[in-house]
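# What the coordinates show
Spelled out, the chains give:
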Amino acid sequence: MGSVLAISQDRLKSTGTETKRDTAYGSFAMAMTATEKLLARASGSSAAKPGEVLVIEPDVILSHDNTAAIAQLFEQLPHRRVKYPERLAITLDHAVPPPNPGHARNHQAVRRFVREHGIGNFYEVGRGICHQVLCEEGLVGPGLTLLGADSHSTHFGWLGAFSAGIGRSEVAALWATGELWLRVPETIRIRLSGELKTGVTSKDLTIHLIGQLSSEGASYKAVEFDGGGLNSLTPDSRAVLTNMMAEMGAKNAWIAPDGVTWAWLENIMRRTRAHDCRERLAYFRDNALYPDTDADYAEDHHIRLGCIEPVISCPQSVDNVLPLSEVGEIPVDLGFIGTCTNGRLEDIAAAAEVLRGRKIRARLLVIPASSMVLRDASAAGYIAALIDAGATVGTPGCGPCMGVHMGVLAPGEVCVSSANRNFRGRMGEPEARIYLANPAVVAASCVAGHIIHPADLL
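Described below are features of the structure shown in this document. Keep in mind the model is a prediction, meaning the values are calculated, not measured. (Residues numbered from 1 in each chain as written. Predicted model: local features only at pLDDT ≥ 70, side-chain atom pairs only at ≥ 80, totals over all residues. Heavy atoms only, no water.)

Backbone-to-backbone hydrogen bonds join strands into a sheet, with any given pair of strands oriented parallel or antiparallel. The strand order across the open sheet built from five strands is β8-β7-β6-β9-β10, with neighbouring strands paired in parallel fashion. At either margin of the open sheet sits one strand with a lone partner, and together these are β8 (121-123) and β10 (162-165). On average, adjacent strands in this sheet sit at an angle of 15 degrees to one another, irrespective of strand direction. Judged from the three bridges that link them, strand β6 (residues 60-63) and strand β9 (residues 145-148) form a sheet pairing that is parallel. Its bridge partner lying in β9, Ile61 is registered against Leu147. Across the face of the sheet, helix α5 (residues 168-177) comes into contact with β6, β7 (88-91) and β9 while running at roughly 140 degrees to β6. (Pairing = 2+ DSSP bridges. Helix = DSSP H or I, 4+ residues; strand = E, 2+ residues; numbered from the N terminus. Axes fitted to C-alpha atoms, helices over the stretch in contact; angles between N-to-C directions. Contact = heavy atoms within 4.5 Å.)

If you want it as structure tokens, here you go:
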């Protein structure tokens, strides 16, 4: 498969007139990318340059089941109280329901911490995966900054936010002081044009991109997507892009807020924040930031969406990418649809469409990313279609992605998954093999008993 990337590795400047946009701290002092503007604002500065170290105050600080371990670090600091409890957002999502007494005690410790420090943004077992839930709850949106103790915190960039994963000790320091230093990353621009062909999804686009640039292709860089091709991508599809940039080494990923973004935010907040929907939307609109036309980029890539074909990540690396057509009939023991990458309504709908009227030969586990996704999928009849085909539906959460429970593999087994990682041992067993594909391919492979595209099912 030839590359569909037009790549220039030199630093490029787009032509145009500099645009200086107002912020809470006044006008920006120079042309900047969106990431540079977001970090400048978060640091109270008028400018930010790649390589510069800034002290920023994030709007949201994310943690999940690892909150108990972070609390142990926090308790070693001289600070007795969380400085900004209203900025914390905590979910129980990685091992839910708890699979053993150790995880149950961990959850108990998290609940105790939440009570003691008055954390209002706490989401219990069953609400769903942190990245999906915080979007649904309207805690993150255009112009905001999030730092989280989870590597896939790049996710929130699809809403026009700066979001990045950090370590547990850094989160403990944030709880204590409310601030943290960050090096401003160089920015890679990826321009999308055209539309994806039928049967090709943004998961294929993302896997292809990682295969072309490698799993280290964006190490400690920002990745900003733009171009007319974004207009054809749904909110669920966009989230796949920013979420999986963590697998390319990105510090953060970002998509400009547009009509699609605002429509999704308005719809979701009418459901979850009816009491302050208008005020929250107005806040996001006031804070949305966009790159200047003459911003400076470290790399510039162009992807023609119409040239993308279905692809698959082969064991044991996400960037070990092949066209699906070249993989062959690899037998499958388990299919897994879910995670923060592809456990949304669009993904479950795609699987249900493939499975309706069919029976699976391989085991299939489907775990919605949130309780809202589960409710909507049930109302639409997707869950019934999955169950009728023989699939198992699990509690909203991360499921077997981290290799703890709810579908871990046995030695020698093969899994085709819509998750984000296929490292050795990722789903709990070093001697198992994991392939990554879009949800429709996962569903079709469980019907056939081997890896296959839905269009090739009899």
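So, next bit.
Below, the discussion takes up the pattern of salt bridges. Tallying each qualifying case throughout the model produces 14 salt bridges. For the salt bridge of Arg127 with Glu136, the shortest nitrogen-to-oxygen distance reads 2.9 Å. Glu136 shares its class with Arg127; the two are buried. A salt bridge links Arg238 to Asp258, with the shortest nitrogen-to-oxygen separation between them at 2.9 Å. Of the two residues, Arg238 is situated in helix α7 (residues 235-244) and Asp258 in the loop between β14 (252-255) and α8 (259-272); the sequence distance between them amounts to 20 residues. The pair Arg238 / Asp258 is uniform in exposure class, with both members buried. Three or more residues are tied together by salt bridges with common partners; here these are Arg127, Glu136 and Glu137. (Salt bridge = Lys/Arg side-chain N within 4 Å of Asp/Glu carboxyl O. Buried < 20%, exposed > 50% of the residue type's maximum accessible area, 1.4 Å probe, protein only.)

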